[in-house]
Amino acid sequence: MARQRVPEGPPPAPAVQKLRVRYAKRGRLRFSSTRDFQRALERALRRAGVPMAFSAGFHPHPKISYANAAPTGTASEAEYFEISVTERVDPESVRRALDEALPQGLDVLEVVEAAPGALADRLQGSDWVMDFAGVTVEELQTAADQLLALDRAEVTRTFKTGPRTFDVRSAVVSLTTQPSERPDCAILRVVVRHTTPAVRPDDVLTALRAATELAPPTPPLVTRLAQGPLRPATAGVADPLAADEDDDGV
């Protein structure tokens, strides 16, 4: 009978606390990939002296879980991850240290102690802003109304497994327009329900182009403002960390 290999040394220290972190991806760092962020975060955790918990086995890795990252090329004010630590820490102290250790443009906005329940279950929808150059509010509103009037709006996107066609319209909770701070520009606010596959801002733009006469001269600047529980009564997105703060008495 083959002898089972056992990692040398003592087992890793157990996790005693889990933290949930909201961060922003701004400026040129909107072009960073999820893997780029993961590498930057692990370096920042070491520099910040965060007492990370590690997995067991021959190749221990920090206990970090990532949730629904924004597509590369889009900015975001609402990205989330969770970390487990081996000593109890003050969340605000971790926020300051981690924010200082990360590159400018990856900004840690909030850290809270995790309450029971999965963070992923709270991320039901996203609120996106798409800032179009060379498009009027009237043109954008007409296109939004035409898309909302459809029963289905199918798009095709290529995945690792190959092309896949899916319905964008069923994921769109609301489309609203407003003037942009930039001259000769207009903003489209899009609230989408998280589905499988996830409907991204570029999928909504593809559906708009296919179903309407909207033809922006350049791709819009895209930012995720929020992601969290959907609020159907207001067609909005709530704060996914609010339950953690309430549980902590904050």
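The structure presented is a predicted model; accordingly, all values stated were derived computationally and were not measured. (Residues numbered from 1 in each chain as written. Predicted model: local features only at pLDDT ≥ 70, side-chain atom pairs only at ≥ 80, totals over all residues. Heavy atoms only, no water.)

A. Structural context of the UniProt feature "domain: DUF2344" (unreviewed entry) in the protein chain. Listed under "domain: DUF2344" (unreviewed entry) in the UniProt record, and renumbered for this structure, are residues 18–201. For residues 18–201, helix accounts for 23% and strand for 38%, while the C-alpha atoms at its two ends are 31 Å apart. (UniProt positions renumbered as here; feature names shortened; annotations may be inferred. Helix = DSSP H or I, 4+ residues; strand = E, 2+ residues; numbered from the N terminus.)

B. Local environment of helix α1 (residues 34–47). Spanning 14 residues, α1 covers 20 Å between terminal C-alpha atoms, matching the ideal 20 Å at 1.5 Å per step. The complete set of buried residues in α1 reads Phe37, Gln38, Ala40, Leu41, Ala44 and Leu45. Each element contacted by the buried residues of α1 is listed here: β1 (17–25), β2 (64–67), β3 (75–85), α2 (91–101) and β4 (106–113). Just downstream of α1 lies Gly49, where phi reads positive at about 70°. (Expected span 1.5 Å × (residues − 1). Buried < 20%, exposed > 50% of the residue type's maximum accessible area, 1.4 Å probe, protein only. Contact = heavy atoms within 4.5 Å.)

C. Seen up close, the pairing of β4. Among the 8 residues that make up β4, 6 are buried, leaving the element largely enclosed by the rest of the structure. Here β1 pairs with β4 via 7 bridges, running antiparallel. By the bridge assignment, Lys25 is partnered in β4 with Leu106. (Pairing = 2+ DSSP bridges.)

D. Spatial organisation of empty space enclosed by the protein. Under the criterion given, the structure shown has 1 cavity of 30 Å³ or more. Taken as a whole, the largest cavity holds about 110 Å³ of empty space. As for the largest cavity, its lining consists of 13 residues, and the residues nearest its centre are Tyr23, Thr34, Phe37, Ala69 and Glu79. Listed by contribution, the elements that provide at least two residues to the lining of the largest cavity are β1, α1, β2 and β3. For the lining of the largest cavity, the class distribution of residues is 7 nonpolar, 4 polar and 2 charged. (1 Å grid on protein atoms, 1.4 Å probe; cavity = no way out; pocket = protein on both sides within 12 Å on 5 of 7 lines; lining within 4 Å. Points joined across faces, edges and corners; volume = space filled by probe spheres on them. Nonpolar A, V, L, I, M, F, W, Y, C, P; charged D, E, K, R; others polar.)

E. Quick look at the pairing of β3. The element β3 is extensively covered by neighbouring structure, given that 10 of its 11 residues are classed as buried. Where β1 and β3 come together, 8 bridges link them in antiparallel fashion. Residue pairing for β3: Lys25 is matched across the bridge by Ser76. One ladder, built from 4 bridges, connects β2 with β3; its direction is antiparallel. Paired with Tyr66 across the bridge in β3 is Phe81. Note that β3 and strand β10 (residues 221–228) share 2 bridges and pair parallel. What sits directly across from Ala75, in β10, is Thr223.

F. Layout of the domain arrangement of the protein chain. Each assigned domain of the protein chain is listed here: domain 1 (17–121) and domain 2 (123–237). For domain 1 versus domain 2, the distance between C-alpha centres works out to 27 Å. Taken residue by residue, the interface counts 16 residues in domain 1 and 13 residues in domain 2. Carbon and sulfur atoms make up 53% of the area that domain 1 and domain 2 hide from each other, which totals about 1100 Å². (Domains from an automatic or database assignment. Buried area = accessible area lost by both parts, 1.4 Å probe.)

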